[in-house]
Amino acid sequence: MELFLLVLAGFIIGTCGTLIGAGGGFILVPLLLLFYPDLPPETVTAISMAVVAANAISGSAAYAKSGKIDYKAGVIFALFTVPGSILGVFTVQYIPKESFNIIFGVLLLALSVFLFFKKQSEKRQVQEDGSQQKGLKHRKLVDKMGTVYQYSYNQRNGIIISIIVGYMSPLLGIGGGIIHVPAMVNWLHFPVYIATATSHFILAVMSTVTVIVHAMNGTYNNPEVLKMVICLAGGVIPGAQLGAYFSHRVKGTNIIKVLAICLALVGIRILLKN
């Protein structure tokens, strides 16, 4: 029954995470903290990042077929997440479990507020050519459906954001997409669908590096930990395909608001338990 529940949890995480452009770690970590309270922070984040990697790779494959990934921006941003992701893996080992729970509980509450009001940010998004603006990278993408996306972004600001996201992701096990997507939409002015797909591509690179570092540290040598990773990943991979399929077909507003409420409840639960 435990194995079945892990696979089911992975499927839900993969579907919801990919649907909103996140790796799903912001859902998985609180679940692990609640149902496996004896796991140390570095093990929790290692499990989460392995599942996030499986989710991001599967989701990126689906998004690549749709033609919505901006590879030029994605490769640059992904490269600058790598140093921070390596540093984050080593930092988490020195954070006491009580402090980790407090940090994550507060972060969940902040994320729940953002997700609940995310639609307002999307409405302010403007897709424009911006070819007359200096100091910006100008892009024009045409997806598989023939939709044309024209936008401009500040590459330097994107690099700074990527460095921060790279560090925070393995530190808290959240993947980073939940931060990268709103940053790309609101601060870098990427179209929402391009930001979602490109964020998943960046996350695939960053999380894979994080998993390699954890593996070199021996974090996955524990058979129980490895079993959890395999079961969760077994559900996440098909879930990510489903999430990518529905990402352009279903309005995610209601799903996101439900997630926001759930995150707030879990965050409060973790803080009270601590």
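The rules behind the values
- Residues numbered from 1 in each chain as written.
- Predicted model: local features only at pLDDT ≥ 70, side-chain atom pairs only at ≥ 80, totals over all residues.
- Heavy atoms only, no water.
- Helix = DSSP H or I, 4+ residues; strand = E, 2+ residues; numbered from the N terminus.
- Buried < 20%, exposed > 50% of the residue type's maximum accessible area, 1.4 Å probe, protein only.
- Contact = heavy atoms within 4.5 Å.
- Areas by Shrake-Rupley, 256 points an atom, 1.4 Å probe, with all protein chains shown as cover.
- pLDDT = per-residue confidence, 0-100.
- Salt bridge = Lys/Arg side-chain N within 4 Å of Asp/Glu carboxyl O.
- Pairing = 2+ DSSP bridges.
- Expected span 1.5 Å × (residues − 1).
- Core = buried A, V, L, I, M, F, W, Y, C linked by side-chain atoms within 4.5 Å.
- Axes fitted to C-alpha atoms, helices over the stretch in contact; angles between N-to-C directions.
- Left-handed = near helix turned anticlockwise from the far one by under 90°.
- Nonpolar A, V, L, I, M, F, W, Y, C, P; charged D, E, K, R; others polar.
- Phe/Tyr/Trp six-rings, centres within 6.5 Å; stacked < 30°, edge-to-face > 60°.

Novice: I tried to follow the overall build of the protein on my own but got confused; where do I start?
Specialist: Looking only at helices and strands, one finds 11 helices and 2 strands in the protein. In sequence order, the secondary structure elements of the protein are arranged as α-α-α-α-α-α-β-β-α-α-α-α-α. When the 274 residues of the protein are sorted by exposure, 53% land in the buried category. For the protein, contacts bridging at least 24 residues in sequence account for 80% of all contacts bridging at least 6. Accessible surface, the protein: about 12400 Å² in total, of which carbon and sulfur atoms supply 68%.

Novice: Explain the confidence of the model for the protein to me, please; I cannot follow it from the model alone.
Specialist: Should the pLDDT be low somewhere, the predicted coordinates at that spot are not to be read in detail. Mean pLDDT over the protein stands at 82; residues scoring 70 or higher make up 87%. Mean pLDDT across the elements of the protein ranges from a minimum in helix 6 (residues 118–123), with 49, to a maximum in strand 2 (residues 148–153), with 92.

Novice: What should I look at first to understand unusual backbone geometry in this one?
Specialist: For residues besides glycine, phi is generally negative; the peptide bonds are generally trans as well. A positive phi angle, close to 65°, is found at histidine 189, a residue other than glycine. With respect to the secondary-structure elements, histidine 189 resides in the loop between helix 8 (177–186) and helix 9 (192–216). For histidine 189, a relative accessible area of 42% translates into the label partly exposed.

Novice: Sorry, what's going on with the pattern of salt bridges here?
Specialist: Pairing between side chains of opposite charge can happen when their charged atoms approach one another. Within this structure, the stated rule accounts for 3 salt bridges. Between arginine 139 and aspartate 70 there is a salt bridge; the shortest N-O distance is 3.1 Å. Taken as a pair, arginine 139 in strand 1 (residues 137–142) and aspartate 70 in the loop between helix 3 (41–66) and helix 4 (71–91) lie far apart in primary sequence, 69 residues in all. Accessibility classification places arginine 139 together with aspartate 70 in one group, the buried group. Two residues, lysine 227 and glutamate 224, come together in a salt bridge whose shortest N-O distance is 3.1 Å. Of the two residues, lysine 227 and glutamate 224 are both situated in helix 10 (residues 223–246); the distance of 3 residues between them amounts to about one turn of the helix. Glutamate 224 gets classed as partly exposed once you look at its relative accessible area, which sits at 46%.

Novice: What's the story with the pairing of strand 1 in this structure? I'm lost.
Specialist: Successive side chains on a regular strand alternate, one facing one side of the sheet and the next facing the other. As judged from the 6 bridges shared by strand 1 and strand 2, these two strands associate in the antiparallel manner. Following the sheet pairing, histidine 138 is matched in strand 2 by serine 152.

Novice: Looking at this model, I keep getting lost on helix 7 (residues 155–172). Mind explaining?
Specialist: Helical geometry: 3.6 residues make up each α-helical turn, so side chains three or four residues apart lie on a common side. A rise of 1.5 Å per residue sets the reference length of helix 7, with its 18 residues, at 26 Å; its end C-alpha atoms lie 26 Å apart and thus fit the reference within 8%. Among the residues making up helix 7, those that are buried are Gly158, Ile159, Ile161, Ser162, Val165, Gly166, Ser169, Pro170, Leu171 and Leu172. Contacts from the buried residues of helix 7 go to helix 2 (25–35), helix 3, helix 4, helix 5 (97–116), helix 8 and helix 9.

Novice: Which parts of the structure should I look at to understand the nonpolar core?
Specialist: As a rule of thumb, nonpolar side chains are buried together in soluble globular proteins. Phe26, Leu33, Ile47, Phe100, Phe104, Leu115 and Ile178 are the most contacted members of the largest nonpolar core, which has 41 residues in total. Those elements that place two or more of their residues in this core are helix 1 (2–19), helix 2, helix 3, helix 5, helix 7, helix 10 and helix 11 (253–273). Element by element, the count of residues in this core is highest for helix 10, at 7 residues. Every residue in contact with phenylalanine 100, bar those within four places of it in the chain, is listed here: Val29, Leu33, Pro41, Thr45, Val92, Ile95, Leu171 and Leu172. If you look at the next biggest cluster of nonpolar residues, it comprises 25 residues, including Phe77, Ala183, Leu188 and Met206.

Novice: Got a minute to help me understand the environment of leucine 3 in this structure?
Specialist: Along the polypeptide, leucine 3 turns up in helix 1. Residues contacting leucine 3, with those up to four places away along its chain left out, are Lys227 and Cys231.

Novice: What is the right way to read the packing of helix 1 against helix 10 from this model?
Specialist: At their nearest, the axes of helix 1 and helix 10 sit 6 Å apart, and the two run at 35° to each other. When the axes of helix 1 and helix 10 are compared, the crossing they make is right-handed. Residue classes in the contact of helix 1 with helix 10 are distributed as 16 nonpolar, 8 polar and 1 charged.

Novice: So what exactly am I meant to see when it comes to the packing of aromatic side chains here?
Specialist: Aromatic ring pairs are described here by two measures, namely the spacing of the ring centres and the angle between the planes. According to the stated counting rule, one finds 4 aromatic pairs in the structure shown. Judged by centre distance (6.0 Å) and plane angle (75°), the ring pair of phenylalanine 77 and tyrosine 153 falls under edge-to-face. Placement of the pair is phenylalanine 77 in helix 4 and tyrosine 153 in strand 2, with a sequence separation of 76 residues. Residue class for tyrosine 153 comes out buried when judged on its relative accessible area of 3%. Ring geometry for tyrosine 153 versus phenylalanine 190: centroids 4.9 Å apart, planes at 40°, classification tilted. Of this pair, tyrosine 153 sits in strand 2 while phenylalanine 190 is found in the loop between helix 8 and helix 9, placing the two residues 37 residues apart along the sequence. We note that tyrosine 153, like phenylalanine 190, is buried.

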